[in-house]
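The primary structure of each chain is shown beneath.
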Amino acid sequence: MDSQNVNKILVFGGSFNPITVGHNSIVSTLQKAYPGLPIWIMPSGDRRDKSIEADFVHRSNMVKLFLKEFGLENNVSVNEIENTYGPPTSTIETLELLFASGLPIKTEFLWVCGSDSFNSLTNWYQYERLKEMVTWVVLDRPGIKITHAEKKMDIIPQIIEPVQISSSEIRENLHDALFCKKYVGEAVYDYIRTNNLY
């Protein structure tokens with residue numbers, strides 16, 4: 001695609017079940033690596049590869065609360081397109097909807113993934129079509145070697161030190177308010193408890 005006047009959008013998808021400060025480090029890295037570019041945080045709909053306990057609306061609400069509490073709203077927004085069509089969702093179907101949604105013709109999606117996810121790219125649904133539709137932004141994580149290359153890809157070091165915390169650890173330790181608030185913030189933790197999630 002001609003780089004002149006191209007509308008570039010970074011897309012960072014995930015289940016965010018719930019969002020954590022580990023995701024925070026990725027957003028901060030993207031803001032520094034691509035200053036001024038819009039970043040779409042895209043909660044996934046129902047997945048082919050795993051079940052997600054909290055429903056879409058709750059997960060999307062938690063992302064919005066998290067972005068506000070941690071001051072990450074600069075050029076960052078939540079895209080809820082995967083809540084607009086039936087399960088299960090796939091990246092290729094999401095992209096088709098995005099391109100049909102009235103965006104400028106010269107729109108380029110920069111699809112964000114970690115080196116671990118990127119290494120399994122050939123197993124993704126309709127990979128041969130998918131790889132031609134986006135530019136891959138691969139977070140080069142320590143200890144995970146990138147095993148192949150794509151024609152359209154950027155490799156960026158995760159310049160913000162990643163926090164080693166998983167969403168499952170949060171779900172398993174909701175009884176420990178101090179622990180959870182450290183990793184998801186007060187607003188998300190209070191939302192989880194108020195809505196009896198997990």
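It should be noted that the structure appears before, not after, this text.
The structure presented is a predicted model; accordingly, all values stated were derived computationally and were not measured. (Residues numbered from 1 in each chain as written. Predicted model: local features only at pLDDT ≥ 70, side-chain atom pairs only at ≥ 80, totals over all residues. Heavy atoms only, no water.)

Trainee: Got a sec to walk through unusual backbone geometry? Specific residues and values, please.
Mentor: Here the bond from N17 into P18 is cis, since omega is 5°, no more than 30 degrees from zero. Among the structural elements, P18 can be located in the loop between strand 1 (7–14) and helix 1 (21–33). Phi is positive for F16, which is not a glycine, with a value near 50°. Of note, N75 is a non-glycine position whose phi angle comes to about 65°, a positive value. Along the chain, the position of N75 falls in the loop between helix 2 (56–69) and strand 3 (76–78). (Helix = DSSP H or I, 4+ residues; strand = E, 2+ residues; numbered from the N terminus.)

Trainee: How would you explain the environment of V188 if you had to name every residue and give the values?
Mentor: If you trace the backbone, V188 turns up in helix 7 (residues 177–194). Taking the C-alpha atoms as reference, V188 lies 8.3 Å from I19; in sequence the two are 169 residues apart. Aside from chain neighbours lying at most four places away, what touches V188 is P18, I19, M62, L65, F66 and E69. (Contact = heavy atoms within 4.5 Å.)

Trainee: Before we move on, can you summarise the nonpolar core with the specific residues and values?
Mentor: Grouped together as the largest cluster of nonpolar side chains are 33 residues, with contacts concentrated most on L10, F12, L30, I41, V112 and V137. Elements with a contribution of two residues or more to this core: strand 1, helix 1, strand 2 (39–43), helix 2, strand 4 (107–114), strand 5 (135–140) and helix 7. It is helix 7 that contributes the most residues to this core, 7 residues altogether. Leave out the neighbours within four places in its chain, and L10 touches L30, Y34, L37, P38, I39, W40, L110, V112 and V137. (Core = buried A, V, L, I, M, F, W, Y, C linked by side-chain atoms within 4.5 Å. Buried < 20%, exposed > 50% of the residue type's maximum accessible area, 1.4 Å probe, protein only.)

Trainee: Could you give me a rundown of the sheet that holds strand 5, with the residues and numbers involved?
Mentor: The strand order 3-2-1-4-5-6 describes an open sheet built from 6 strands, whose pairing is parallel. Taken across any chain shown, the strands that pair with only one partner, and hence form the sheet edges, are strand 3 and strand 6 (153–157). Direction aside, neighbouring strands of the sheet carry axes that sit 25° apart on average. Where strand 5 lies against strand 6, 5 bridges are found, and the strand directions are parallel. Bridge pairing links V138 to I155 in strand 6. Here helix 1 sits on the sheet in contact with strand 1, strand 2, strand 3, strand 4, strand 5 and strand 6, set at roughly 170° to strand 1. (Pairing = 2+ DSSP bridges. Axes fitted to C-alpha atoms, helices over the stretch in contact; angles between N-to-C directions.)

Trainee: Provide a residue-level description of the pattern of salt bridges, including the pertinent values.
Mentor: This structure, assessed with the given rule, holds 4 salt bridges. Notably, a salt bridge pairs K64 with E80, separated by 3.1 Å at the nearest N-O pair. You can see K64 sitting in helix 2 and its partner E80 sitting in the loop between strand 3 and helix 3 (91–99), a full 16 residues away along the chain. Take K64: its relative accessible area is 38%, and that puts it in the partly exposed class. (Salt bridge = Lys/Arg side-chain N within 4 Å of Asp/Glu carboxyl O.)

Trainee: Summarise the packing of aromatic side chains; cite the residues concerned and give the values.
Mentor: If you walk through the whole model with that rule in mind, you get 7 aromatic pairs. Their ring planes at 85° and their centres at 6.5 Å tell us that F109 and W111 sit as a pair that is edge-to-face. Consider the rings of W124 and W136, whose centres lie 5.6 Å apart with planes at 85°: the pair is edge-to-face. Residue W124 is found in the loop between helix 4 (115–119) and helix 5 (127–130), and its partner W136 is found in strand 5; the two are separated by 12 residues along the sequence. Aromatic ring contacts, followed pair by pair, group W40, F99, F109 and W111 into a single cluster. (Phe/Tyr/Trp six-rings, centres within 6.5 Å; stacked < 30°, edge-to-face > 60°.)

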